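Each chain, letter by letter, is given below.
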Amino acid sequence: MATTFVSVPLKKSSEVDLAKPLSKFIHDTYPSGESQAEYIKAAEELNNLRKSAVCRALDKHDSSLEILLRYYDQLCALEPKFPFSENQLCLTFTWKDAFDKGSLFGGSVKLSFASLGFEKTCVLFNIGALASQIASEQNLENDEGLKAAAKYYQLASGVFQHIKDTVLSTMNRELTMDTSPDTVGTLSLIMLAQAQEVFFLKAAADKMKDAVIAKLANQAADYYGDAFKQCQFKENLPKTNQLPDQTHLYDPLNEYFYFQEVLPVLAAKHCMMQANAEYHQSVLAKQQKKFGEEISRLQHASDLVKTVGSRYDEYINVKDLSDKIARALAAAKKDNDFIYHDRVPDVKDLEPVGKATLVKPTPVSVPMSQKFTDLFVKMVPLAVQQALSVYNQRRADLVNQLIAQMRESSNLANGVLASLNLPAAIEDVSGDNIPQSILEKSKAVIQQGGLQTIDQLVRDLPGLLQRNREILDEAMKILDQEEVTDNELKAKFKERWQRTPSNELYKPLRTEGANFRTTLDRAAQADKVVKERYAANSEIIALLCKPEAELNAAIPSGNPTKSLQGSEVVMLLKTLLASLNEVKKERETFENDIKSVQFDMTNRFLTALAQDGALNEEAISVTELDQIYGSHTQRVQQNLKKQEELLADIQAAHEEFSKSKQSNTDANLREEMLKKLAAGHDQFVELVNNLKEGTEFYNGITEFLVKFQTKCTDIVFARKTERDELLKDLQQSIAREPSAPNIPAAPAYQTAASVGGTTSAVPTPAPRNVFPSKLQPPEHAASSSTDGCENQPKPQPPARPPPPSVGSSFTPASSAATPKTNAPAPAPAPVASMPASVGGSGVLSQAQGPPYPTYQGFPGYYPMPMAYNQYAYGQYNMPYMYQPPGQPPFQSPQPPQQPGYPYPPQQFYQQ
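Conventions used here
Counting restarts for each chain, with residues numbered from 1 along the sequence as it is written. Reporting of local features is limited, given that this is a predicted model, to residues whose pLDDT is at least 70; pairs of side-chain atoms are given and counted only at 80 or more, and all residues count toward the totals for whole chains, interfaces and linings. With hydrogens and water set aside, each side-chain value is computed from the structure's full complement of heavy atoms. In DSSP terms, a helix is any run of H or I states spanning at least four residues, a strand is any run of E spanning at least two, and both are numbered starting from the N terminus. When accessible area is computed with a 1.4 Å probe and restricted to protein chains, residues below 20% of their type maximum are described as buried, those above 50% as exposed, and intermediate ones as partly exposed. The contact definition used throughout considers only heavy atoms, calling two residues in contact when any of these lie within 4.5 Å. Residue-level accessible areas treat just the shown protein chains as cover; the underlying method is Shrake-Rupley with a 1.4 Å probe. Aromatic rings from Phe, Tyr and Trp, with only the six-membered ring used for Trp, were paired whenever their centres fell within 6.5 Å, and each pair was classed as stacked if the ring planes differed by under 30 degrees, edge-to-face if by over 60, and tilted otherwise. When a carboxyl oxygen of Asp or Glu is within 4 Å of a side-chain nitrogen of Lys or Arg, the pair counts as a salt bridge. Taking the helix axis as origin, the arc is that swept by the directions to the C-beta atoms. For two strands to count as paired, DSSP must find a minimum of two bridges between them.

J.: Looking at this structure, how should I read the overall build of the protein?
T.: Within the protein, the regular secondary structure consists of 23 helices and two strands. Residue burial in the protein is summarised as follows: out of 911 residues, 46% are buried. Summarising the internal contacts of the protein: among those between residues at least 6 apart in sequence, 83% fall at separations of at least 24. Counting every atom, the protein has about 46,900 Å² of accessible surface; 52% of that belongs to carbon and sulfur.

This is the structure in structure tokens:
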């Protein structure tokens, strides 16, 4: 039994360079080395895989499907590892509608969308489409072909159902018609119905029990009926707006055939499967000696196949089934009439045929390919990367906090000692020489460059700050300019401009830019504070930079502690100062140890993600940081507490030392100067450290600002590409729209009138069964198209087909009102070749069709004879054409306008 199966055309995509943006992200994110090179190589392999899966024609074979499956699996594995979004790693994918054949103006419906989810949806659609095509290519005469067809139809059904249930809910934008929920839902049901039909064919081939075969067929009929209802009432299968070349109308591989004619195919399959179910159920009734039920079911089956044969014979050939049912019905009637005399019940009174389903949509589970290997297997998911980033920030905050506490304690100790003039007070024996501690401090300042070092660092800061501000301003300017353009286009096209507004899309970037600006403003304020401190301490620092003789001369003479040298209190102070120095050196060791601690949290986060499916970064990080840095924190706190105790002892001993020493004016001046010099050294060290940290900060933030600027540039470029594609689509969409949505009604004289003069309100299309089957030879098709007018004389040579088609019958003008004219009446012609008179001499049986050729399966189609030549010339060397009565010679006839026809009137040009 020959049958027809529906397959789905593939979507087509434009080329996209995946290697360049992915490699750039890898280069900016991961440190240079073996891993970075491996990731970049993987990005290039992914780009080549996309070209093989998307950018070339695919054979209807398992190997082509395997390529699509591998690419889809790679996308699923890639998605959690890269920040694919419009405001981060922006990749714009362009896909065409699988069912759109373009308009009279060229082009086709397509969508550009910066979303990896959109790419996955389209690739998944192609997986289902290719699976349906592979299934339709199987040989259903053997078990292997039947099993493969059922497998691929169920796979296609599962894929389309997965798109409807899970994928489309993640899209925040309306996609093309082929991937709309209604369309993919209908396709899923069609594929499931075809899989069920394949199981019916296998059961029939294996000669299983008729009860089982009937249930399988009835379930298939139910699936086809549901699919037919979805197509009919939801109108979810797209229709093209341009007729294809008529030479390809019935090519079984033509995408147009399947989707322009899918509705009658589903209706025919529904009737055919019902007929099969009734036939096999009748066999079961015969076995149960229910001869009346047998006849009733066979009659119902016969009516069903007659419906298919009369209406859908061009799509489904049921001749074999019809003959089988007819033979069984004739035999059953004969036996019942002569032997059984069983009452034939009405089919409505019979028990319904049961249903048995052996098919279900194959669920989509990743990986779909059994040969899948993750190209980025060593790269951690984005959730782990983000957790690592937050963890590193927590770790840096903890380390900086500990280091800041230790440095603050050192500054506190230096400040206390400087206020007490220690250790200079207990080292000043003669009262005329520079104390050794002050001399060492002076040498340290001179070795670090003194004022010249500070001056150079101070001069560099404004330039570094200005450079960062300019980078940030340029990045924000790029966003501002694109946003202005987007707002202008939104105001121009209004609801047609369907993409994410720039002001919403750029919110994260503007927040990030505002944070950068706040950071720079705080840094500038800190620079101001450092400059003020430098101005306040520049004189004493300059004094420390002078030679030893000049420095000694600047210090007043006089020493009241000469008599205390070697006393118990002095020895105590020296011991305490030595202990304090050890505590300070111990903190330097602690600082180095804390900075050198390294611990990779990747495996910890990966394990948590695998176990729980999510990451509680805060709980994990706090626990791990406490384990890693808990001992270091405890040692630092003990060190700080020990210093606090030493400083208290030093202050107490110094108070006793101050009471014992002799005091005079010169001695007081000398002590004050020594205190200033000690404090000046500390200020110098702190200023140099602050300025160096500021320089390092500005240089470091420049790198982040450059990345931020690049991110802004990339997203604006992607938005520009998307904008250009959207503008192109809008232009094509506007060009396809009719200029006048509401076509004026046709004049009264052009309205089809009945024989009695009554105007028909609604033209009735010709029934489908008047048209020839696509399997008939041209001669038979030509003869059958006259619909009961076979005795009409045939033109010699045949007239060219009329521009507007007429109905299925033609009534010559007789008693109808005819305009008075001296033009000769036209010769009789076949109704298939002659239109109704424009002047009213003929009666139209139905409204005129469009002024371009119609096609088989729709009202107005009549095949031409094979020997017809539309460019032939008659005896007057003019083209054959029909001249309506009353029409001046050689004047182009105007076809009448069909009432309510949804296209604008078009001029007919004679050939």
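Moving on from the model shown.
J.: Got a minute to help me understand the packing of aromatic side chains in this structure?
T.: Aromatic rings considered in pairs are described by the distance between their centres and by the relative angle of their planes. For the coordinates displayed, the defined rule picks out 13 aromatic pairs. Here the aromatic rings of phenylalanine 82 and phenylalanine 376 are separated by 5.5 Å at their centres, their planes lie at 80°, and the arrangement is edge-to-face. Here phenylalanine 376 lies in the loop between α11 (319–340) and α12 (382–419) and phenylalanine 82 lies in the loop between α3 (62–78) and β1 (93–96), a separation of 294 residues in the sequence. Phenylalanine 376 matches phenylalanine 82 in its accessibility class, with the two residues each being buried. An angle of 75° between the planes, with centres 6.4 Å apart, marks the rings of phenylalanine 99 and phenylalanine 125 as edge-to-face. A residue pair is termed long-range when its members are at least 10 positions apart, and phenylalanine 99 in the loop between β1 and β2 (110–113) and phenylalanine 125 in helix α4 (residues 116–136) qualify at 26 residues.

J.: Would you take a moment to explain the pattern of salt bridges for this structure?
T.: For side chains bearing opposite charge, pairing can occur when the charged atoms are close. Counted under the stated rule, the structure contains 33 salt bridges. Of the charged contacts, one joins aspartate 724 and arginine 723 as a salt bridge, the two residues approaching to 3.9 Å between their closest N and O atoms. One salt-bridge network, in which partners are shared between bridges, spans Arg407, Glu591, Lys595 and Glu693.

J.: Please clarify how the environment of histidine 632 should be interpreted in this entry.
T.: Secondary-structure assignment places histidine 632 in helix α21 (residues 617–660). Sequence-wise, histidine 632 and aspartate 593 are 39 residues apart; in three dimensions their C-alpha atoms are separated by 8.4 Å. The contact partners of histidine 632, leaving out residues within four places of it in the chain, are Asp593, Ile594 and Val597.

J.: Quick question: what am I supposed to make of helix α20 (residues 602–612) here?
T.: Owing to its 3.6 residues per turn, the α-helix aligns residues three or four sequence positions apart on the same side. Of all the residues in α20, the buried ones are Thr602, Phe605 and Ala608. Projected onto a plane normal to the axis of α20, the buried residues spread over an arc of 135° and lie on a single side. Pointing more than 90 degrees away from the buried face of α20 are the exposed residues Asn603, Ala610 and Gln611. At the exit of α20 stands glycine 613, carrying a positive phi of roughly 80°.

J.: How should the pairing of β2 be read in this particular structure?
T.: Within a regular strand, side chains alternate between the sheet's two faces. Residues Lys110 and Ser112 of β2 are buried on one face, and the alternating residues Leu111 and Phe113, pointing to the opposite face, are buried as well. Where β1 meets β2, four bridges bridge the pair, whose relative direction is antiparallel. Paired with lysine 96 across the bridge in β2 is lysine 110.

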